[in-house]
Amino acid sequence: MTEKVYTDYFYDEPAFNTHDGGYVPLERMDVPEQPLSIPPLLEPDKSTDTDTYYTLIAQAGETQILPGAKTKTWGYNTTLLGKTIVFEKGKHIHVTLKNELPELTTFHWHGLNVSGPIVDGGCHAPVYPGETKQIDFTLDQPAATTWLHAHPCPSTAEQVWHGLAGITIIKDKEEAKLPLPRNYGVDDIPLVLQDRRFHENNQWDYHADYDPDGVQGPTALINGTVNPYFDVKTQKVRLRILDGANRREWRLHFSDDLVFTQVGSDGGILPAPVKFTKLMLTCAERAEIVVDFGQYHKGDVVTLYSDDVPIVNFRIGNFAPDDSVIPEHLAAIPNPEPTPDLPVKKVVMSGMDEEVMIDGKKFNMQRIDARQNVGDVAIWEITNTNNMDGGMVHPFHMHGCQFLVLSRNGHEPYPNEHGFKDTVGVNPGEIVRIKVWFTLPGVYMYHCHIIEHEDGGMMAQIEAVDPKHPQTYELMDMDTLMNAFAKERGIDVKDLWMAGMDSYDKMGMEM
């Protein structure tokens, strides 16, 4: 029986970002190819059978991205992006958070099921310049590729644009049994997909490039590398792909329409492998794919494209034959029954530009928009009502949980959406049903992950409640954050400009 190979991007073509009025097409920059930068692993400070300790530093620096002047960048324990953190399921993790930046930041564990709002690291957990804080959590979720990024309201977009986005990898015993590449840096490779515009002296200028529908640049940065190549030394390579861009969707395919196999999504290994020639990722989504280069020979080059622009060249070298077979069953995905008599939670994502909202409201840091008991299994319906100029895909993200996608407009979800997800792209006019449950109490955000949209107010908050142990949370307020940013920048708060402020001002709404 011939295996099914999917050959389209699934999402609604009229809503692709290529149709945006402010679309910035990718262009291959005329600079020499460079080896793909592989983020080094972050070594723990200490590790025992039960506990692991890390120190995580948000820092400013300079990175040699292009010939000539270095680019001013931010990163975690490095000058750009972050060192890759590897967690083991079941371990108790202790993290020392240090902020060596000139302004406040937060450390958000995107995809980790940790308590909110402080450990989760959203806007209620600022770490001020020169400050050190401690957090800890027990990791209890399957092997997955997750990530770490800044999340201070309303400057999430600008800080991620500066470079604060790092890969985190969860490992467990079940994934370790699968015949998948896992030699990090050799056949197990992260690919952080981003885009930037370089201004005078190779610098980035977020304010100059600002667009309320999402900042884009014409140059692809893959792990912070322009025009990267990777030397293939094994027949099979596992790529852990993250759409780490503020706005850009990535429509990926290889030269020769090379078939690849997706084995994981946001929240971990899929129940079964899915074969593709094309894969579209919306902002913040992850996909783990295995590419078999067995049909190629030393000296060949296989190119990964986004649309029609080459973004990574894979230079084929010598490799030993690999006849391993990815099994038809990969992982058991829990699928609990919905809690009886719970109403369906309906969420409406609307608007573009400054008009973006959730349920007709812009985000307020001190407002709780929904409540759900810990352990309850609820059905959520996410609707994207926007159809202005063909509309746009809004990637819907939830903190503090991994959900299951049940349907799109009453039909089956896409073939690679049968595993755990924390982000799902919702087409214009579409209703996506998801199954949601929380394992830890706390206050969590849910929002569009076009990052300028969340800064512009397309965000809301849910409290996951433990009825037996009710808690009260001290939530941050916007005035405190804005005054802190102004003080750190040495200006009056009335002169402060930050991503998202225009969206509130033009709609006559308070932040």
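Per an unreviewed UniProt entry, the protein chain goes by the name Multicopper oxidase family protein and belongs to Lapidilactobacillus mulanensis.

What follows deals with the overall build of the protein chain. Secondary structure assignment for the protein chain yields six helices and 33 strands. Taken over the C-alpha trace, the protein chain has a radius of gyration of 22 Å; the compact-globule value for 511 residues is 24 Å, and the two agree within 12%. Taking the principal axes of the C-alpha coordinates as reference, the protein chain spans close to 60 × 60 × 55 Å. Buried positions account for 61% of the 511 residues belonging to the protein chain. Look at the contacts in the protein chain between residues 6 or more apart in sequence, and 77% of them connect residues 24 or more apart.

Applying the stated rule across the entire model yields 26 salt bridges. Between Asp-195 and Arg-248 there is a salt bridge whose closest N-O contact spans 2.9 Å. A residue pair is termed long-range when its members are at least 10 positions apart, and Asp-195 in strand 13 (residues 188-196) and Arg-248 in the loop between strand 16 (236-243) and strand 17 (250-254) qualify at 53 residues. Look at Asp-195 and you get buried, because its relative accessible area is 0%. Taking the relative accessible area as the measure of exposure, Arg-248 reaches 2% and is therefore buried. With its nearest N and O atoms 2.8 Å apart, the salt bridge here joins Arg-251 to Glu-249. You'll find Arg-251 and Glu-249 in the same group, each marked buried. Through salt bridges with shared partners, one network takes in Glu-175, Arg-182, Asp-188, Arg-238, Arg-240 and Glu-288.

By size, the foremost hydrophobic cluster in this structure holds 35 residues, and its most contacted members are Leu-191, Leu-239, Phe-254, Ile-289, Phe-293, Ile-311 and Phe-314. Ranked by residue count, the leading element in this core is strand 23 (residues 309-316), at five residues. Not counting residues up to four positions away in its chain, the partners in contact with Phe-254 are Leu-239, Phe-260, Thr-277, Ile-289, Val-291, Val-302, Thr-303, Leu-304, Tyr-305 and Phe-314. Formed by 30 residues, the second largest nonpolar core is a distinct cluster that contains Met-352, Ile-382, Cys-401 and Phe-403.

The subject of this paragraph is helix 5 (residues 478-489). Its 12 residues place the ends of helix 5 16 Å apart at the C-alpha level, agreeing with the 16 Å of an ideal helix rising 1.5 Å per residue. Within the span of helix 5, buried status applies to Met-478, Leu-481, Met-482, Ala-484, Phe-485 and Ala-486. Those residues of helix 5 that are buried are in contact with helix 1 (156-162) and helix 6 (501-506). Looking at where helix 5 begins, the residue whose side-chain oxygen comes 3.2 Å from the main-chain nitrogen of Asp-479 is Asp-477. Backbone geometry just after helix 5 places Gly-490 at a positive phi near 70 degrees.

A few words now on the sheet that holds strand 9 (residues 108-110). Strand order in this open sheet of four strands is 7-12-11-9, and the pairing throughout is mixed. Of all the strands in the sheet, the pair left with one neighbour each is strand 7 (85-88) and strand 9. The mean inter-strand angle of the sheet, taken between neighbouring strand axes irrespective of direction, is 30 degrees. Across three bridges, strand 9 lies against strand 11 (residues 144-149) in antiparallel orientation. Across the sheet, Trp-109 pairs through a bridge with Leu-148, a residue of strand 11.

Take Thr-63: it is sitting in strand 4 (residues 51-63). Not counting residues up to four positions away in its chain, the partners in contact with Thr-63 are Lys-70, Thr-71, Thr-73, Thr-79 and Leu-80.

Now for the sheet that holds strand 1 (residues 5-6). The strand order across the open sheet formed by seven strands is 1-19-18-21-16-13-14, and the pairing between neighbours is mixed. Each having just a single partner strand, strand 1 and strand 14 (219-222) make up the two edges of the open sheet. When strand 18 (residues 260-265) meets strand 21 (residues 286-292), the two strands line up antiparallel, connected through four bridges. Following the sheet pairing, Gln-262 is matched in strand 21 by Ile-289.

What counts, and at which threshold
Residues numbered from 1 in each chain as written. Predicted model: local features only at pLDDT ≥ 70, side-chain atom pairs only at ≥ 80, totals over all residues. Heavy atoms only, no water. Helix = DSSP H or I, 4+ residues; strand = E, 2+ residues; numbered from the N terminus. Rg over C-alpha atoms; globule rule 2.2 N^0.38 Å. Buried < 20%, exposed > 50% of the residue type's maximum accessible area, 1.4 Å probe, protein only. Contact = heavy atoms within 4.5 Å. Salt bridge = Lys/Arg side-chain N within 4 Å of Asp/Glu carboxyl O. Core = buried A, V, L, I, M, F, W, Y, C linked by side-chain atoms within 4.5 Å. Expected span 1.5 Å × (residues − 1). Polar contact = N/O pair within 3.5 Å; in protein donor to acceptor, adjacent residues only side chain to side chain. Pairing = 2+ DSSP bridges. Axes fitted to C-alpha atoms, helices over the stretch in contact; angles between N-to-C directions.

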